Amino acid sequence: MRQVRASMGTLGVLGLELVQMDTPPTTAYLQIYTDKRCRANCLFCAQASGSSAGLTHIARGMYIPADLDAVVSRLKVAYERGYLGRACIQTALYDAWWDDTVYLIERIREVSGIPLSLSVFPLGDERYRELSKSGVNELVIPLDACTQELFDKIKGKSAGGPYSWEGHLDGIKRGARIFRNAGTHLIIGLGETDEDAVKIIDELHGYKVNTALFAYTYIPGAQLEPENNKDSIRHYRTVQLARYLIEEGVASYLDMQFLDGTLCDFGISRDAILRIIEEGRAFQTSGCHGCNRPMANETFSKIYNFPRKPNDEEIASIKRDLGLD
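Residues numbered from 1 in each chain as written. Predicted model: local features only at pLDDT ≥ 70, side-chain atom pairs only at ≥ 80, totals over all residues. Heavy atoms only, no water.

Overview of the overall build of the chain
- If you tally the helices and strands in the chain, you get 10 helices and 11 strands.
- Compactness check: the chain gives a C-alpha radius of gyration of 19 Å against a globular reference of 20 Å for 325 residues, within 12% of the reference.
- Overall, the chain is about 55 × 40 × 40 Å in size when its C-alpha atoms are taken along their principal axes.
- For the chain, the proportion of its 325 residues judged to be buried stands at 55%.
- Counting only contacts in the chain whose residues sit at least 6 apart along the sequence, the fraction spanning at least 24 positions is 71%.
- Per element, the accessible surface of the chain, about 14900 Å² overall, is 48% carbon and sulfur.
- The distance from the centre of the 37 positive side-chain charges to the centre of the 43 negative ones in the chain is 4 Å. (Helix = DSSP H or I, 4+ residues; strand = E, 2+ residues; numbered from the N terminus. Rg over C-alpha atoms; globule rule 2.2 N^0.38 Å. Buried < 20%, exposed > 50% of the residue type's maximum accessible area, 1.4 Å probe, protein only. Contact = heavy atoms within 4.5 Å. Areas by Shrake-Rupley, 256 points an atom, 1.4 Å probe, with all protein chains shown as cover. Lys, Arg positive; Asp, Glu negative; His and termini not counted. Charge placed at Lys NZ, Arg CZ, Asp CG, Glu CD.)

Below you can see the structure in the form of structure tokens.
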């Protein structure tokens, strides 16, 4: 493997591309390189087997093929100088994926002790242990959907994919027993309710699994059309806030109240909610330690996950989104 895919923001921080950035990434976002489509068929993914979108996209982010030697050597320097605090490796399902993943990890580890995250589908415990010994310190297994029905529709059997809800949950739970830091991704905006999202976040938190939130971003050529839902930003902000309360141990799913799937009571006082909104952390990017993922599924006019502390104008916008202005 002579190449690796890297996000444009990552290449900018590494000095391999000239990129104008409002907020630079604090994590290097990489993907093992193949010129073939992934054998899985996740309907939201540009790289899926049935997609006609370009292979360079992961959500809104563009992952450009780059010289492996150059990326690895500059990654070392960027970490030593404090520009980057972590590297995150994305996988894809193809014949040589395991060998390519292990090789990339080894190449990075030869020159740098930068913390490593790996985003991968469920594996056996032996491979989890091998990854841990090789230097991966955070494991991510994206669940993506909030319910079994949605999972089957977008990445399981109904989508012509190789995955199952039960297999992913099992893989996540086993990974959390082997890795001190384990996480998953949920894509919000696939048809789930507030309650669907909050319930699975709370369940995974019980297994010490961190949930990172993404807003669904349609890429032309992908197989899943976006929903035209005027309630989408309220829904996203509600799930963000509920996730924060759960992760911080402030409230749980059982403390909250729902009406026809819509969250109507967070289980804490209005004053406490307003204090949390003012502080802003609940609406910053969720994920591995040091991940800020700027513009991964945002535009400048609609930011779902803030890559830094929201400013006063943005805090006011969040309050409006939640109907608390």
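On we go from here.
Brief notes about the environment of Asn292
- If you trace the backbone, Asn292 turns up in the loop between helix H9 (270-279) and helix H10 (312-321).
- Accessibility expressed as a relative area gives 6% for Asn292, which makes it buried.
- For Asn292 and Thr23, which are 269 residues apart along the polypeptide, the C-alpha to C-alpha distance reads 9.0 Å.
- What Asn292 contacts, discounting residues up to four positions off in sequence, is Thr23, Pro24, Pro25, Thr26, Thr27, Tyr29, Thr285 and Pro307.
- Side-chain polar atoms of Asn292 contact the backbone oxygen of Pro24, separated by 3.1 Å. (Polar contact = N/O pair within 3.5 Å; in protein donor to acceptor, adjacent residues only side chain to side chain.)

Describing the pattern of salt bridges
- In this structure the tally under the stated criterion is 15 salt bridges.
- With a closest N to O distance of 2.4 Å, Glu278 and Lys319 form a salt bridge. Separated by 41 residues along the polypeptide, Glu278 in helix H9 and Lys319 in helix H10 bring together distant segments of the chain.
- The exposure class of Glu278 is partly exposed, given its relative accessible area of 44%.
- Across the pair Arg281 and Glu279 runs a salt bridge, and its minimum N-O distance is 3.2 Å.
- What you see here is one network of salt bridges that share partners, running through Asp69, Arg107 and Glu110. (Salt bridge = Lys/Arg side-chain N within 4 Å of Asp/Glu carboxyl O.)

Side note on the nonpolar core
- Counting residues in hydrophobic clusters, the biggest one holds 101 residues, and the most contacted among them are Trp97, Ile108, Leu143, Leu241, Leu245 and Met256.
- Looking at this core, the element that brings in the most residues is helix H8 (residues 232-247), giving 8 residues.
- Those residues in contact with Met256, other than ones at most four positions away along the chain, are Val198, Ala242, Leu245, Ile246, Ala251, Leu263, Asp265, Phe266 and Gly267. (Core = buried A, V, L, I, M, F, W, Y, C linked by side-chain atoms within 4.5 Å.)

Description of the pairing of strand E2 (residues 27-32)
- E2 sits mainly inside the fold: 6 of its 6 residues count as buried.
- Across the two faces of E2 the burial is the same, with Thr27, Tyr29 and Gln31 and Ala28, Leu30 and Ile32 all buried.
- With 5 bridges connecting them, E2 and strand E5 (residues 86-90) associate as parallel partners. Within the sheet, the bridge partner assigned to Gln31 lies in E5 and is Gln90. (Pairing = 2+ DSSP bridges.)

Details of the sheet that holds strand E6 (residues 116-119)
- Read from one edge of the open sheet, 9 strands run E3-E4-E1-E2-E5-E6-E7-E8-E9, paired in mixed fashion. The open sheet has two edge strands, strand E3 (57-58) and strand E9 (209-215), and neither has a second partner.
- Of the strand pairs in this sheet, strand E1 (residues 3-7) and E2 are connected by 3 bridges, and their pairing is antiparallel. If you follow Arg5 over to E2, its bridge partner there is Gln31.
- Across the sheet, helix H3 (residues 97-111) is in contact with E1, E2, E5, E6 and strand E7 (136-140); its angle to E2 comes to roughly 145 degrees.
- Of the strands in this sheet, E7, strand E8 (181-188) and E9 are in contact with helix H6 (residues 165-178), which crosses E8 at around 150 degrees. (Axes fitted to C-alpha atoms, helices over the stretch in contact; angles between N-to-C directions.)

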